[in-house]
Each structure stands twice: as structure tokens, then as C-alpha cells.
Amino acid sequence: MEAHKPAVSGAVYGVILNDRDSLQRMGAALADAPYKGVPKAPVLYIKPAGTVVGSGAVVSLPAGESAVEVGATLGIVFGQGAARLAPEAVPAAIAGYVVVADLSLPHVSYYRPAIREKCFDGACPVGSRVVPGAEVGDLASITLRTYVDGSLVQTRSLADLVRDVPTLVADVSGFMTLRRGDTLLVGVTWQAAQARAGSRVRVEADRLGAVEFEIAAGEGAA
Amino acid sequence: MKFGRIAWQGAIHEVTPGSDAKVRLADGREIAEGQFTWLPPVEVGTVFALGLNYADHAKELAFKAPETPLVFLKGPNAITGHKAFSRRPSDATYMHYECELAVVIGKTGYRIAREDAMEHVAGYSVANDYAIRDYLENYYRPNLRVKNRDACTPLGPWLVTRDEIANPMKLALSTRVNGKTTQQGTTADMIFDIPTLIAYLSSFMTLNPGDVILTGTPEGLADVKAGDVVETEIEGVGCLINTIVDDQTWSATA
């Protein structure tokens, strides 16, 4: 595979449980311990600098690991600093969107921050181009497709976001500034499709392009 | 050595302690406090923070001590310098400080052995890892709304190089609010010590110069209100001062 540079270089933030499908599938568990209720604010996490790689990367898993969840998602890339924005002011702050494969070691619990699971080196392959909003059009019409070794393993529509982009950015920027060049992922689904070590993965979306990479087994003892 | 970073006369300068509480520029000029703005002593890369890493604090929060380090991350927005301001939102009922030893990484490493870990440390600083407990939710807890608020993690004033601290695992920590001591502890009570944390984090991700590990806080938390002056101090490393402000002050246009 040809190696490309990732299209973004700022901080990358992500959000879970931002699609109605995941909330529905988790169902009653959200009301029980340890969660004790559906989340009120966006549930965020950080993908540190070492996770971001470009299309064509080989991603080596941590020692002892042999599979990853491929969280197909879109990154909102900021063209201006976003702080305490009202929803209607959000579009002007966005430079565009980029296709992202947010990788996680499979984890069933969302209770504690998933640092080893989500922050290992290479855990955020990012597409090569930030596509302006005008070219992307209506996000609700976007379908993300995940392929493993050429087979379609998951499709995901962005029509069922709990918080749409203006609402999500308004809520997040209420307490943390997103800087020019930073990326906020619109959300990954609960228990996304998995890829085994040795496989080739592609995440693509119409009008947004694709990101492709290979998964390599973690060497050494766990 | 101790190094600080300041903004002064249109440029960023690395400084060292001067005479009479002044700071010294590279060319030897000394600048008095109040004439410049303190910046965080390092341009931070990835910032890690530890939850429940002191046995007494875990008990205070009614948790049993974790079996693997409870780590969370912070973005660059959270970090601010010495003598800066942190915002207490009007709807908060419990905002508390956390005095923490900050370990600054100085050398790149992946899968660092515990016995080699200290070679990767550039030095130490003081952090105050504020939390607003009203916003705690049981998803990726402690969640970013509690722990990654703009300018709610002061860091500084100095980066103290590793050679200056004989034993980082035996330093007194204390916090004073408006001059009254409210928190006292020692880094000797950490559950996961510095070499263990470096080995753990580097087992799955590369650590780079400028990455910072905030190593957790002992018991003795207390609510702070707008106007409070909070001093977090670590023996041999420094005293970091921060002032709490309300929404109106935070949002005021100059």
C-alpha cells in the first residue's frame, strides 16, 4: 500500500454513544450499574498524537493483542478556534470533514477511560484529504463502509446521530476550546466490526474518500 | 537546574531563577514578577493524569485501589501557567484542587523497562488538576467535562531537572487555600510509582519529550470558590499559584 500523510495534525477528540443505534443496542444496561443512567453530556475521549497515521500505514497492536474494533467515523476539522459557540455559529468554524478509522482494542465496558484500548500507537488512521462541507453536503446522507480483506463487514449511516454536528460542537466547545486544526470525531458505534491481525482494512464514504491500513499482531509478551 | 517559560516583550523566553524572586533571561537580564506572564514550563505533548493513585485518596472517594493504573488524558486546552486563572462555573457546587507531581518525559521510548524508566525523565513540575465533581458521569470516568476544562490544569512554575531531585518518591506535597493548609501528603504514598507508570504507558504507546504524567493526588480535597488563591507546592519542585474566578470575570472583555 502506498503511504500517505494524515490530513490532520492537531489534537483529535472522539465521542461515544452519539448514535441512536448504539444507545438502543446497549439498552437497559445504560440504566444499571456502573452507568446508572444514560449520559447527559457528550462522552469524550482523546486520541493522542501517536495514534494518528495516514492511509497506507501498518498498525501494530499492543503485545498479546490480535484483534481491533474498527470505528468508522468522520472527523470534523476546525478551520477556526471554537470556544463557547452557539450551534448556529458552528458551520463557519469548520474547515471540512475527513474519513477516520478510530481503532480500539475490544472493550465491553465504557466505565473507565479506555487508554490502552484507544491510545496505542497507530490507533487512529486518518484519510488524506479534508473535504469542505460544501462538497460533502448533507451529513445525514453519508454512509460509511468498512471492508476487511475486501469484504464489506459493516455499513453505517450518519443519519442517526444523537447530537448533530452543530449541537455536538456547541456542547463540547462550552467547556473546552477546539483549536484551528483540531479534529472532533462525530462518534463510533458500540462494538464496531473487528479486524484480525494480518488483515487489510478500508473505511470509505461517498464524497469523502477512504483510509486504508494493515493490522499487524502485537509482538512480545503481554 | 530550574527552567521556566515566560512571555515578555513580544517573545517567549526560557528563564532561570534570578535574584530577589526575579527571573533571569538567557543574556543575564533579570525581570521582576509582574512584568511578564508565566507560561507552562514545557510545551506539552500528550498529557496523562492518574486517578486514585494514592491509597488514602482512593479511600476518601470510597474506591478500592485500582489494580492497573487509572489513566486519563488531557488536551492542550486544559493547561495553563503559574499565576493564571481557572474558572468555576456558576452551576458548580463542588470544584476541588489536586496537587500533583508532574513528570516530564525527556527521551523517546517504547516498551521501556521499569529499571530504565528514570532515564526517560527530563524533570518535574507541579500541577493542579482541578475537577468539577458536579459534572461526573459514569462513562469514561473521570470524563473530560470534569477534567479537561479550559485552563483548569495549571502547570509550573518551573521544570526542575531530574538530577536536582534525589528521590522523587519521597517528596512532601501540600495545598494552601488563601494561606490555610488544606492538603498534605507525600509522594511516598503513590500506589503506582513513576517507573511503573512509565513502563505501563510505554507498553502500548511511544512516550516522547514533552509528554507529561500527572501522578495523582493524596487526600485532603476541598471546595474552592471564586476569589480563592490556591497554592500547590511540592518539596524541591516549586509552588504553583492559581486564582479561581467566576463566569463573569472569566468571560469579561478587557
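Residues numbered from 1 in each chain as written. Chains lettered and ligands numbered in written order. Predicted model: local features only at pLDDT ≥ 70, side-chain atom pairs only at ≥ 80, totals over all residues. Heavy atoms only, no water.

A. Structural view of helix α3 (residues 194-202) of chain B. Residue and element names in this part refer to chain B. In terms of residue burial, α3 counts as a mostly covered element, since 7 of its 9 residues are buried. Considered for burial, the residues of α3 that qualify are I194, P195, L197, I198, A199, L201 and S202. Tucked inside the fold, the buried residues of α3 contact β6 (47-51), β7 (70-74), β11 (99-105), β12 (121-128) and β17 (212-214). (Buried < 20%, exposed > 50% of the residue type's maximum accessible area, 1.4 Å probe, protein only. Helix = DSSP H or I, 4+ residues; strand = E, 2+ residues; numbered from the N terminus. Contact = heavy atoms within 4.5 Å.)

B. Structural view of the side chain of B:N53. Residues and elements named next belong to chain B. Mapping N53 onto the fold places it in the loop between β6 and α1 (55-60). We classify N53 as buried; its relative accessible area is 1%. In terms of polar contacts, N53 uses its side chain to reach the backbone carbonyl oxygen of T215, at 3.0 Å. Not counting chain neighbours up to four residues away, the residues in contact with N53 comprise D189, M190, I191, F192, L197, T215 and G216. (Polar contact = N/O pair within 3.5 Å; in protein donor to acceptor, adjacent residues only side chain to side chain.)

C. Main features of the layout of surface pockets. Approximately 610 Å³ is the volume attributed to the largest pocket. What lines the largest pocket is a set of 34 residues, among which A:R179, B:E43, B:V44, B:P76 and B:I79 lie closest to the centre. For the lining of the largest pocket, the secondary-structure elements that each account for two or more residues are β2 (43-47) of chain A together with β5 (37-39) and β8 (79-80) of chain B. Counting residues per element, the lining of the largest pocket draws most heavily on β5(B), which supplies 3 residues. Of the residues belonging to the lining of the largest pocket, the class tally is 17 nonpolar, 10 polar and 7 charged. In this structure, the second largest pocket occupies an estimated 510 Å³ of space. Along its surface, the second largest pocket is lined by 20 residues, and A:R112, A:P113, B:T68, B:P69 and B:L70 are the ones closest to its centre. Going through the elements one at a time, α3 (115-119) of chain A together with β7 of chain B are the ones with two or more residues in the lining of the second largest pocket. Considering each element in turn, the lining of the second largest pocket owes the most residues, 3 residues, to α3(A). (1 Å grid on protein atoms, 1.4 Å probe; cavity = no way out; pocket = protein on both sides within 12 Å on 5 of 7 lines; lining within 4 Å. Points joined across faces, edges and corners; volume = space filled by probe spheres on them. Nonpolar A, V, L, I, M, F, W, Y, C, P; charged D, E, K, R; others polar.)

D. Representation of the packing of aromatic side chains within the structure. Evaluation of the coordinates by the stated rule reveals 6 aromatic pairs over all chains. A centroid spacing of 6.0 Å and a plane angle of 85 degrees characterise the contact between A:Y45 and B:Y140, whose relative ring orientation is edge-to-face. A residue pair is termed interchain when its members come from two chains, as with A:Y45 in strand β2 and B:Y140 in the loop between β13 (131-132) and α2 (144-147). In this structure A:Y45 comes out as buried when scored by relative accessible area, which is 6%. Residue classification places B:Y140 among the buried residues on the basis of a relative accessible area of 2%. Residues B:F36 and B:W38 carry aromatic rings whose centres are separated by 5.3 Å and whose planes lie at 70 degrees to one another, so their mutual orientation is edge-to-face. Pair check on accessibility: B:F36 and B:W38 agree, each one buried. Aromatic ring contacts, followed pair by pair, group A:Y45, A:Y110 and B:Y140 into a single cluster. The lysine or arginine in question, A:K118, covers the ring of A:Y45, its NZ or CZ lying 4.3 Å from the ring centre. (Phe/Tyr/Trp six-rings, centres within 6.5 Å; stacked < 30°, edge-to-face > 60°. Lys NZ or Arg CZ within 6 Å of the ring centre and 35° of its normal.)

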